[in-house]
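# Inside the fold
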Amino acid sequence: MEEISPFSTTVYSAGRTRLVKLSLPLAELPRELAKNLRPVSPGEVYNGPAAKGEQKAADPDVLALTAKVDGRRLMGYAETITLTGKRSAAQLDLSAASGNRQAMDHIAGAFAGMGYAVERQCYKDRKADKECNIVARRAGQPGGKAILIIGHMDSVGYENAGADDNASGSAGVLEMAKVLSGYRSDHDLIFIAANGEENGLTGSYACVKKMKASGELARVAWVINMDMIAWNRDGVIEIETNKEFSALADWVGEQARLYTRLQPHIAMPAWGSDHVPFLEAGIPTYLSIEHWDDHTPCYHQACDKLETLSWDYASDIVRLNLAVVAGKTRLTPLKL
Ligand SMILES: [Zn+2]
């Protein structure tokens, strides 16, 4: 925003959205700045509370599902991921001991232990190491669709940091996988710990490209992204999408009021996380993220540590996203 200020005036600033009016044509801006901007019309922009529908009653089956969220387990997943060292994909190196590699291995092992089929979806080779997303799948009924749940496991690269951004969201993916491992689902469930988010969404763009090529993307009906879900003071969650999916976002907001203590806000348009490549592919997708007007003061800094986080708040975001899954597919508890 600072770099663009000589060429623009800010006309709107709320939540995660900044609109600027350029003082010269976009084509005349330095390319480095222009690539971070996109044209937006005022009708695409909203930052505020989710619409209130008529009051419905909570579904006891969904309450039973969300009651299975375990905040201590969620924190444990985040702790292990945070303490792998430096998790930036840019820091993948010759050593298999890089934090990024260790986090990938840990997450792959956790999914496998829950009974999922695990794939290392690698898209970039570097000398002795690879940059990969970790993908876990469980097939639903034949002819069903797929629900995809994603959170990035890389960080900007400070040692044992990136707890909120985004050990929290990748732990949320693991916790959802753990709870849902006890159910049969009509639709396929796909869980992704994405890599390279902090280097231009490289993992999620590669994922969309690979799934498009294999034909799998055509079956993906909904995508849920978790990025920064554990730092909060006011109980507000932002549900971010683009205008074409604002009805979905309001419905997600309704689930938040029914099944959690969260206050749902809607944020549009979408930018800057792993929901974007899926939205660009036309798939109904939202990002769940902490309230951006009061987000972690340690954003992209070395102080983004575990002890600053709220696992009650993060647990509620996981409960919300589980309630959304339950609203989109029939879940049947597996007999023990
Ligand atoms: Zn992030």
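Residues numbered from 1 in each chain as written. Predicted model: local features only at pLDDT ≥ 70, side-chain atom pairs only at ≥ 80, totals over all residues. Heavy atoms only, no water.

## Some details on the overall build of the chain
The test is simple: Strands are runs of DSSP state E lasting at least two residues, helices are runs of H or I lasting at least four, and both sets are numbered from the N terminus onward. Between the two quantities, the radius of gyration covers C-alpha atoms and the globule rule is 2.2 Å times the number of residues to the power 0.38. Any two residues whose heavy atoms approach within 4.5 Å at even a single point are treated as in contact. Only the protein chains shown count as cover for residues, and the accessible areas themselves come from Shrake-Rupley with a 1.4 Å probe. In this tally, Asp and Glu contribute negative charge and Lys and Arg positive charge; neither His nor the terminal groups of the chain are included. Think of each charge as sitting on NZ of Lys, CZ of Arg, CG of Asp or CD of Glu.
Of regular secondary structure, the chain possesses 9 helices and 13 strands. A compact globule built from 336 residues would reach a C-alpha radius of gyration of about 20 Å, and the chain, at 19 Å, matches this within 12%. Projected onto the principal axes, the alpha-carbon positions of the chain cover approximately 65 × 55 × 40 Å. The contacts in the chain between residues at least 6 apart in sequence include a share of 80% that link residues at least 24 apart. For the chain, the computed accessible surface area is about 14,700 Å², with 53% contributed by carbon and sulfur atoms. Each charge sign in the chain was given a centre, from 37 positive and 42 negative side chains, and these centres are 5 Å apart.

## Regarding the state of the cysteines
The criterion, for reference: Only a pair of cysteine sulfur atoms within 2.5 Å counts as a disulfide in this structure description. The cut-offs for exposure are 20% and 50% of the maximum accessible area for each residue type, with area from a 1.4 Å probe on protein chains only; residues under the lower value are buried, those over the upper are exposed, and the others partly exposed.
Taken as a whole and assessed by the stated rule, the structure comprises 2 disulfides. Disulfide pairing is shown between Cys 122 and Cys 132; the S-S distance is 2.1 Å. Across the S-S bond linking Cys 122 and Cys 132, the dihedral sits near 85 degrees, which makes this disulfide right-handed. On the criterion of sequence distance, the pair formed by Cys 122 in strand β4 (residues 117-126) and Cys 132 in strand β5 (residues 129-138) is long-range, its members being 10 residues apart. Given the relative accessible area of 4%, Cys 132 is considered buried. The partner cysteine of Cys 298 in its disulfide is Cys 303, sulfur to sulfur 2.1 Å. Linking Cys 298 and Cys 303, the disulfide has an S-S dihedral of approximately -115 degrees and is accordingly described as left-handed. A relative accessible area of 33% means that Cys 303 is categorised as partly exposed. Counting its disulfide-bonded cysteines in sequence order, the chain shows a connectivity of 1-2, 3-4. Of all cysteine sulfurs in the structure, the one in Cys 122 sits closest to Cys 207, which takes part in no disulfide; the separation is 12 Å.

## Observations concerning the domain arrangement of the chain
Stated precisely, the cut-off is as follows: Domain limits in this description derive from either an automatic procedure or a database domain assignment. The buried area of a pairing is the accessible area, by a 1.4 Å probe, that goes missing from both parts when the two are put together, added over both.
Considered domain by domain, the chain is made up of domain 1 (5-39) and domain 2 (48-333). Inter-centroid distance (C-alpha atoms) of domain 1 to domain 2 is 29 Å. On the domain 2 side, the residues contacting the 5 residues of domain 1 number 12 residues. Roughly 660 Å² is buried in total at the junction of domain 1 and domain 2, and carbon and sulfur atoms are behind 41% of that figure.

## Looking at the nonpolar core
As a reminder of what qualifies: Nonpolar core, defined: a set of buried Ala, Val, Leu, Ile, Met, Phe, Trp, Tyr and Cys residues in which side-chain atoms within 4.5 Å join the residues together.
Counting residues in each nonpolar core, the largest one holds 66 residues, and the members touching the most others are Phe 111, Ile 149, Leu 180, Phe 191 and Val 325. Aside from chain neighbours lying at most four places away, what touches Ile 149 is Val 173, Met 176, Ile 190, Phe 191, Ile 192, Ile 224, Met 226 and Val 325. Counting residues in hydrophobic clusters, the runner-up holds 15 residues, among them Ile 190, Val 208, Leu 217 and Val 220.

## Thoughts on the packing of helix α5 (residues 163-180) against helix α9 (residues 311-328)
Keep this limit in mind: Convention adopted: a line fitted to C-alpha atoms gives each axis, helices being fitted over their contacting stretch, and angles between N-to-C directions are expressed from 0 to 180 degrees. When describing relative orientation, an angle under 35 degrees is termed roughly parallel and one over 145 degrees roughly antiparallel, while 65 to 115 degrees is termed roughly perpendicular and anything else oblique. With the far helix as reference, a near helix turned anticlockwise by less than a right angle produces a left-handed crossing, and one turned clockwise produces a right-handed crossing.
Viewed as axis vectors pointing N to C, α5 and α9 meet at an angle of 50 degrees, and their least axial separation amounts to 10 Å. Between α5 and α9, the angle falls in the class oblique. Once α5 is placed against α9, the crossing between them reads as right-handed. Judged by residue contacts, Ser 168, Gly 172, Glu 175, Met 176, Val 179 and Leu 180 of α5 engage Trp 311, Val 318, Asn 321, Leu 322 and Val 325 from α9.

## Here we look at the pattern of salt bridges
What counts is decided by this rule: The rule for a salt bridge is simple: a side-chain nitrogen of Lys or Arg has to be within 4 Å of a carboxyl oxygen of Asp or Glu.
Evaluation of the coordinates by the stated rule reveals 13 salt bridges. For Glu 216, the salt bridge goes to Arg 137, with nearest N and O atoms at 2.8 Å. Of the two residues, Glu 216 is situated in the loop between α6 (202-214) and β9 (220-226) and Arg 137 in strand β5; the sequence distance between them amounts to 79 residues. Accessibility expressed as a relative area gives 24% for Arg 137, which makes it partly exposed. Put simply, Arg 101, Asp 105 and Arg 120 are held in one network by salt bridges that share partners.

## A closer look at unusual backbone geometry
In this chain, Asp 165 is followed by Asn 166 through a cis amide linkage whose omega measures 5 degrees. Within the element layout of this structure, Asn 166 appears in helix α5. Note that the residue after Met 268, namely Pro 269, is joined by a cis bond; omega there is 0 degrees. Summarising the element assignment, Pro 269 is placed in the loop between β11 (263-268) and α8 (275-280). Within the chain, Asn 160 stands out as a residue other than glycine whose phi angle is a positive 50 degrees. One can find Asn 160 in the loop between β6 (146-152) and α5. For Asn 160, a relative accessible area of 23% translates into the label partly exposed. For Leu 201, which is not glycine, the phi torsion reads 55 degrees and is therefore positive.

## As for the coordination of the zinc ion
Condition: Counted as coordinating are nitrogen, oxygen and sulfur atoms within 2.8 Å of the metal, or 3.2 Å for Na, K and Ca, while water is not included, which may make sites look incomplete. Key to geometry: four donors with every angle between 85 and 135 degrees are tetrahedral; four donors are square planar and six octahedral where opposite donors lie over 155 degrees apart and all remaining angles lie between 65 and 115; all other sites are irregular.
With distances of 2.0 to 2.7 Å, the protein atoms coordinating the zinc ion are His 152 (NE2), Asp 165 (OD), Asp 227 (OD) and Asp 227 (OD). For the zinc ion, the 4 donor atoms in the first shell make angles of 51 to 145 degrees at the metal, a pattern classed as irregular. Considered as a linear motif, the donors of the zinc ion on their single chain read H-x12-D-x61-D. One end of the pair, His 152, is in strand β6; the other, Asp 165, is in helix α5, with 13 residues separating them in the sequence. Take His 152: its relative accessible area is 0%, and that puts it in the buried class. By relative accessible area, which is 4% here, Asp 165 ends up buried.

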